[in-house]
Amino acid sequence: MKFSAIILVTVLMLTAALCSAGADDEFSVSMIDEAIFSRMKGKSYKDNCPIPLDDLRYVRVLHVDKDGVTHSGEMVCNKYIADDVLEIFRELYEARYPVERVRLVDEYDADDEMSMRDNNSSCFNFRFITHSTKISKHGLGLAVDINTLYNPYIKITPDSRILEPATAENYVDRTKDFPYKITSGDLCYRLFRERGFEWGGEWKTLKDYQHFEVSDEKARELYPDYR
């Protein structure tokens with residue numbers, strides 16, 4: 001091999017190594033520091049939140065959108081699932097699985113409807129299950145919503161149909177093809193299920209296609225008062 005060719009190969013190898021190292025630097029789990037908490041206080045972390053701040057972690061990731069553009073993302077979740085969430089997003093990123101936005105729900109003033117309408121993926125937000133008085137798994141930081149606009153929450157009652165976000169009408173019919181759709185058996189589904197998460201798209205009484213959560217049994221093991 002000629003000297004110039006050796007130099008070219010060496011440069012390419014170093015560039016690849018540096019890119020890989022740079023990507024690794026963008027995937028991290030850390031405690032909630034004062035700067036992050038200042039963004040959460042009174043929004044996702046409300047005054048009546050019973051979850052100790054020490055139980056939460058700040059997760060940084062990279063993700064790609066449907067056009068293949070790379071973005072930096074951030075999420076707060078329970079320390080019990082933080083490492084799993086990090087590795088799931090790392091594998092989604094490496095596979096170029098499209099995730100449009102990963103922002104703290106606090107950027108939407110913790111308004112879940114607004115976050116979903118923006119197709120934002122998020123985890124912790126102290127709130128109650130829709131149309132109930134039970135703390136949501138999101139309120140424990142034990143549930144993750146992915147590509148929320150395209151994978152809505154749908155519940156049919158004798159008198160009405162509940163759709164969240166309300167702007168997701170075009171994505172109710174799951175036989176249609178559209179970007180960001182989560183399906184049974186796709187990579188996002190497999191990565192969460194392999195780590196013990198349940199998928200709302202498989203629930204019987206309602207469908208929550210964006211939603212992955214730990215089991216009730218695990219939630220009660222971690223928080224005995226959870227009912």
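Rules used in this analysis
- Here the residue numbering is sequential within each chain, running from 1 through the sequence in written order.
- This being a predicted model, a pLDDT of at least 70 is required before a residue's local features are given, and a value of 80 or more before pairs of side-chain atoms are given or counted; all residues contribute to the totals for chains, interfaces and linings.
- By convention in this description, side-chain values take in all heavy atoms of the structure and omit both hydrogens and water.
- Grouping buried Ala, Val, Leu, Ile, Met, Phe, Trp, Tyr and Cys residues that are joined through side-chain atoms within 4.5 Å yields what is termed a nonpolar core.
- Here the term buried applies to any residue with accessible area under 20% of the maximum for its type, exposed to any over 50%, and partly exposed to those in between, with areas from a 1.4 Å probe on protein chains only.
- Segments assigned H or I by DSSP are reported as helices when at least four residues long, segments assigned E as strands when at least two residues long, and all are numbered from the N terminus.
- Whether two residues are in contact is decided by their heavy atoms, any of which lying within 4.5 Å being enough.
- Any carboxyl oxygen of Asp or Glu that lies within 4 Å of a side-chain nitrogen of Lys or Arg is treated as forming a salt bridge with it.
- Here, a disulfide means two cysteine sulfur atoms that sit within 2.5 Å of each other.
- Expected span of a helix, by definition, is 1.5 Å for each gap between consecutive residues, and there is one gap fewer than residues.
- Stacked, edge-to-face and tilted labels apply to pairs of Phe, Tyr and Trp rings (six-membered ring for Trp) whose centres lie within 6.5 Å, assigned for plane angles under 30 degrees, over 60, and everything in between, in that order.
- Consider the ring centre and the ring normal. A charge sits over the ring if Lys NZ or Arg CZ is within 6 Å of that centre and within 35 degrees of that normal.
- Residue-level confidence of the predictor is what pLDDT reports, using numbers from 0 through 100.
- Strands pair, by our definition, only if DSSP identifies at least two bridges between them.
- Orientation is described by lines fitted to C-alpha atoms, with helices fitted over the stretch in contact, and by angles between N-to-C directions that extend from 0 to 180 degrees.

A few words on the nonpolar core. Taken as a class, soluble globular proteins show a tendency for nonpolar side chains to be buried jointly. Counting residues in each nonpolar core, the largest one holds 57 residues, and the members touching the most others are Ile81, Phe89 and Ile146. Taken together, the elements giving at least two residues each to this core come down to helix H2 (34–40), strand E2 (56–64), strand E3 (70–78), helix H3 (82–94) and helix H6 (187–194). Element by element, the count of residues in this core is highest for H3, at seven residues. Sequence-distant contacts of Phe89, defined by excluding residues within four places in its chain, comprise Phe27, Val61, Leu62, Met75, Val99, Val102 and Ile146.

A side chain of one charge can pair with a side chain of the opposite charge when the charged atoms of the two come close. Enumeration over the complete set of coordinates arrives at 20 salt bridges. With its nearest N and O atoms 2.5 Å apart, the salt bridge here joins Arg39 to Glu74. Taken together, the positions of Arg39 in helix H2 and Glu74 in strand E3 put the pair 35 residues apart, joining distant regions of the chain. Classification of Arg39 by relative accessible area gives partly exposed; the value is 29%.

Looking now at the state of the cysteines. Inspection of every chain in the model, using the stated rule, returns zero disulfides. A disulfide-free cysteine, Cys77 has its sulfur positioned 4.9 Å from the sulfur of Cys123, the nearest such atom. With a relative accessible area of 0%, Cys77 lands in the buried category.

Our next topic: H3. Relative to the 18 Å expected for 13 residues at 1.5 Å per residue, H3 spans 18 Å between its end C-alpha atoms, a close match to the ideal helical length. At the exit of H3 stands Arg96, carrying a positive phi of roughly 60°.

Scanning all chains against the criterion turns up 13 aromatic pairs. Plain terms: the ring middles of Tyr150 and Tyr171 are 4.5 Å apart, the flat faces sit at 50° to each other, and that makes the pair tilted. Placement of the pair is Tyr150 in the loop between strand E6 (143–145) and strand E7 (153–156) and Tyr171 in the loop between strand E8 (161–164) and H6, with a sequence separation of 21 residues. Tyr171 matches Tyr150 in its accessibility class, with the two residues each being buried. A connected cluster of aromatic rings, assembled from ring pairs, spans Tyr189, Phe192, Phe197, Trp199, Tyr209 and Phe212. Sitting above the plane of the Phe178 ring, Lys181 keeps its charged end 5.2 Å from the centroid.

The next point concerns the confidence of the model for the protein chain. Of the residues in the protein chain, 89% have a pLDDT of 70 or more, and the chain-wide mean is 91. Below pLDDT 50 for its whole length, residues 3–21 participates in two contacts with residues either more than four positions away or in separate chains.

Attention shifts here to the sheet that holds E3. An order of E1-E2-E3 is seen for the three strands of this open sheet, with the pairing classed as antiparallel. Sheet topology places strand E1 (28–31) and E3 at the edges, where each strand pairs with a single neighbour. Direction aside, the axes of adjacent strands within the sheet are offset by 25° on average. Judged from the four bridges that link them, E1 and E2 form a sheet pairing that is antiparallel.

To continue, consider the sheet that holds strand E11 (residues 211–213). Strand order in the open sheet made by the three strands is E6-E11-E9, with antiparallel pairing throughout. Edge positions in the open sheet fall to E6 and strand E9 (198–199), since each of these has one partner strand only. In the sheet, E9 pairs with E11 via two bridges, with the strands oriented antiparallel. Looking across to E11, one finds that Glu198 is bridged to Glu213.

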